[in-house]
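Topology and contacts: notes
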Amino acid sequence: MAAAGWETHLVGVSVTGAQDPYVQDGAHIHKIPLPKMDPPRSLRRHLAAWRYPFAYSDLALAKKRERHLKAARLELDALRGGTRARGGIRLPFVVHRAGRKLERAWVGGRVRRTKAREQYLKREGRLERIERRWWGLLLGDRAWRRLDVNMQRFELAFRPEILRLEPDLLHAHDAYSIGVCVRAAEQLRRWGKTVKVVYDAHEFVPGHEGLEPNKLEAQSRWERQYLPGADAVVTVSHPLAKLLQERHGLDREPSVVYNAPLAHPAPRPDPGDLRSDLGLDEHTPLAVYIGWASPERQLEVMIEAARLVPDLHLAFMVSRHDTNPYVKKLQALGEEHGIADRLHFRGYVAYEDLPRFISTADMGIHPMPTGSVNHEIALPNKFFEYCHARLPLIVTTVKTLSAEVRRLGNGEVFTSGDPRSLAAAMERIIADEDGYRRAYKDPALLEEYSWEHQAREYVRVYERLIGPAPAA
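Residues numbered from 1 in each chain as written. Predicted model: local features only at pLDDT ≥ 70, side-chain atom pairs only at ≥ 80, totals over all residues. Heavy atoms only, no water.

1. Observations regarding helix H7 (residues 175-190)
- Along its 16 residues, H7 runs 24 Å from first to last C-alpha, staying within 8% of the 22 Å computed at 1.5 Å per residue.
- Buried within H7 we find Ala175, Ser177, Ile178, Gly179, Val180, Cys181, Val182, Ala184, Ala185, Gln187 and Leu188.
- Remark: Gly192 follows H7 within two positions and exhibits a positive phi of approximately 95°. (Helix = DSSP H or I, 4+ residues; strand = E, 2+ residues; numbered from the N terminus. Expected span 1.5 Å × (residues − 1). Buried < 20%, exposed > 50% of the residue type's maximum accessible area, 1.4 Å probe, protein only.)

2. A word on the sheet that holds strand S7 (residues 255-256)
- Taken in spatial order, the four strands line up as S4-S5-S6-S7 in an open sheet, and their pairing is parallel. Both outer strands of the open sheet, strand S4 (169-173) and S7, are each paired with one neighbouring strand and no more.
- Judged from the five bridges that link them, S4 and strand S5 (residues 196-201) form a sheet pairing that is parallel. The residue of S5 that forms the bridge with His171 is Val198.
- Its contacts with the sheet place helix H9 (residues 238-248) against S5, strand S6 (232-235) and S7, and it is angled at close to 145° to S6. (Pairing = 2+ DSSP bridges. Contact = heavy atoms within 4.5 Å. Axes fitted to C-alpha atoms, helices over the stretch in contact; angles between N-to-C directions.)

3. So, the UniProt feature "domain: Glycosyltransferase subfamily 4-like N-terminal" (unreviewed entry) in the chain
- Within the UniProt annotation, "domain: Glycosyltransferase subfamily 4-like N-terminal" (unreviewed entry) is assigned to residues 153-259.
- Regarding residues 153-259, the helix share stands at 50% and the strand share at 16%, and the terminal C-alpha atoms are separated by 28 Å. (UniProt positions renumbered as here; feature names shortened; annotations may be inferred.)

4. Some remarks on the UniProt feature "domain: Glycosyl transferase family" (unreviewed entry) in the chain
- As recorded in UniProt, the feature "domain: Glycosyl transferase family" (unreviewed entry) lies at residues 275-439.
- Annotated as residues 275-439, this span is 41% helix and 17% strand, and its ends, taken at the C-alpha atoms, are 23 Å apart.

5. A few points about the packing of helix H4 (residues 126-139) against helix H8 (residues 213-226)
- For the pair H4 and H8, interaxial distance at closest approach is 10 Å and the crossing angle is 20°. What the angle tells us is that H4 and H8 run roughly parallel. As for how H4 packs across H8, the hand of that crossing is right-handed. Residues Glu128, Glu131, Arg132 and Gly136 of H4 form the contact with H8, whose own contacting residues are Pro213, Asn214, Glu217 and Arg221.
- Partitioned by chemical class, the residues of the contact of H4 with H8 number one nonpolar, two polar and five charged. (Parallel < 35°, antiparallel > 145°, perpendicular 65-115°, else oblique. Left-handed = near helix turned anticlockwise from the far one by under 90°. Nonpolar A, V, L, I, M, F, W, Y, C, P; charged D, E, K, R; others polar.)

6. Here we look at the sheet that holds strand S3 (residues 27-32)
- Spatially, three strands are ordered S1-S3-S2 in an open sheet, and the strand pairing comes out mixed. At either end of the open sheet lies a strand with only one pairing partner, and these are strand S1 (9-13) and strand S2 (20-24). Neighbour to neighbour, the strand axes of the sheet diverge by 20° on average, direction disregarded.
- Of the pairings in the sheet, the one linking S1 to S3 comprises five bridges and is parallel in character. Note that in S3 the partner of Val13 across the bridge is Ile32.
- The sheet strands contacting helix H6 (residues 150-165) are S1 and S3, and the helix crosses S1 at an angle near 165°.

7. Concerning the side chain of Arg117
- In this fold, Arg117 is placed in helix H3 (residues 93-121).
- Using a relative accessible area of 11% as the deciding quantity, one classes Arg117 as buried.
- Setting aside residues no more than four positions away along its own chain, Arg117 makes contact with Ala48, Tyr52, Ala55, Tyr56, Ser57 and Asp58.

8. As for the pairing of strand S10 (residues 343-346)
- Burial of the side chains of S10 extends over both faces: Leu343 and Phe345 are buried on one face and His344 and Arg346 on the other.
- For strand S9 (residues 313-318) and S10, the ladder comprises four bridges, and the chain directions are parallel. Along S10, the bridge assignment pairs Leu314 with Leu343.
- Crossover S9 to S10 through helix H12 (residues 325-336) is right-handed. (Right-handed = clockwise from strand over helix to strand, strands pointing away.)

9. Looking at empty space enclosed by the protein
- Tallied over the entire structure, the rule returns one cavity of 30 Å³ or more.
- Lining the largest cavity are Pro261, Leu262, Pro265, Tyr351, Glu352 and Pro355.
- Of the residues contributing to the lining of the largest cavity, the split by class is five nonpolar, no polar and one charged. (1 Å grid on protein atoms, 1.4 Å probe; cavity = no way out; pocket = protein on both sides within 12 Å on 5 of 7 lines; lining within 4 Å. Points joined across faces, edges and corners; volume = space filled by probe spheres on them.)

See the structure below:
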């Protein structure tokens with residue numbers, strides 16, 4: 001948007017605990033730390049206070065008391081050894097020992113109660129369902145205030161900066177931001193400022209399976225309360241656009257902007273390529289996975305399938321590849337199946353370099369599990385990145401992604417979680433790589449799937465709301 005001529009400011013979270021303003025690619029970045037707030041005083045927390053009256057206020061304090069006990073035990077051992085200090089009152093050793101026993105019993109009991117309370121607070125059941133229903137009936141969509149404090153944390157951090165900037169347009173990315181932007185826009189309008197709001201919905205919030213129920217309920221109600229205050233809605237796939245229109249009764253279907261890579265990034269030093277980086281010759285079959293590595297991604301199926309395909313190597317380009325516990329489990333699985341030498345784990349490369357770097361692989365794989373509504377309607381970044389690398393794709397039967405692969409003919413579809421189905425797809429790709437790459441000979445495809453092309457939709461949305469960019 002800065003390149004299109006608008007003065008552009010990005011307001012986001014600082015993870016360092018300090019404000020961090022800077023300028024990048026013509027945009028002003030404002031990183032702000034989120035303030036700390038206690039979680040809502042839930043029904044379970046109220047009951048926990050009665051159930052565990054002698055517990056410490058939190059687990060950190062309990063651990064401090066445990067350390068004091070260990071220090072006292074060391075002192076007792078020193079006294080038992082006969083070391084004497086000069087001066088002061090000297091109590092018999094038996095008195096010291098009795099005192100330490102009483103302290104251990106008291107502190108140890110409180111520590112155990114604290115740990116039991118923490119486990120109790122992590123439970124999810126009838127109490128939480130009653131609470132969500134009660135606040136929903138009492139407050140309607142405003143029930144988010146009683147279920148999650150994160151919306152308030154974001155607003156406390158970002159609102160002063162937004163009001164100081166007095167923007168003509170607020171672009172809210174993801175659910176946490178929508179209420180912050182709508183409420184700030186309302187304040188600016190009360191001051192006589194004309195301001196528009198764009199909501200960029202990255203996923204279908206009610207279908208988010210990674211959130212605990214209270215947070216999910218809070219985010220869903222927060223979005224539902226404030227999305228009507230947006231002047232335009234943008235999202236990442238056409239099925240999600242239809243879902244949003246139906247759920248929120250929108251007058252028009254949201255615009256769609258794919259998370260596509262740059263087709264023509266600025267010149268950069270040669271990043272090398274994946275095959276050379278792994279020391280593999282051009283005849284060795286090589287499949288690549290890029291992205292986050294976590295149990296819900298079900299990457300085990302790739303290893304289970306690779307042992308059925310002779311000589312196939314798997315490259316996982318994932319975050320924290322050398323410290324991630326899940327990666328350690330994948331490596332152990334490879335050793336168990338005797339293919340550890342065919343598994344390669346490495347970190348990310350610069351985003352601008354990614355398609356070129358992975359282009360020497362034979363196929364790109366995304367084993368996204370079926371079932372989740374957000375999985376079924378997604379066209380994820382990986383799809384477009386693999387396409388720009390001109391790789392044949394292998395994806396699961398998730399609805400939107402598999403339909404696009406079948407339409408283009410640039411890959412294969414396998415049954416989610418089935419290693420034999422994936423292995424068969426791998427073998428079909430190896431047998432006819434060039435056939436699957438034919439789709440990329442059409443220059444219009446990669447042009448449509450480029451960020452340069454997709455960003456034009458943002459420009460059209462902005463121009464419809466606030467007119468042409470002043471510096472265009």
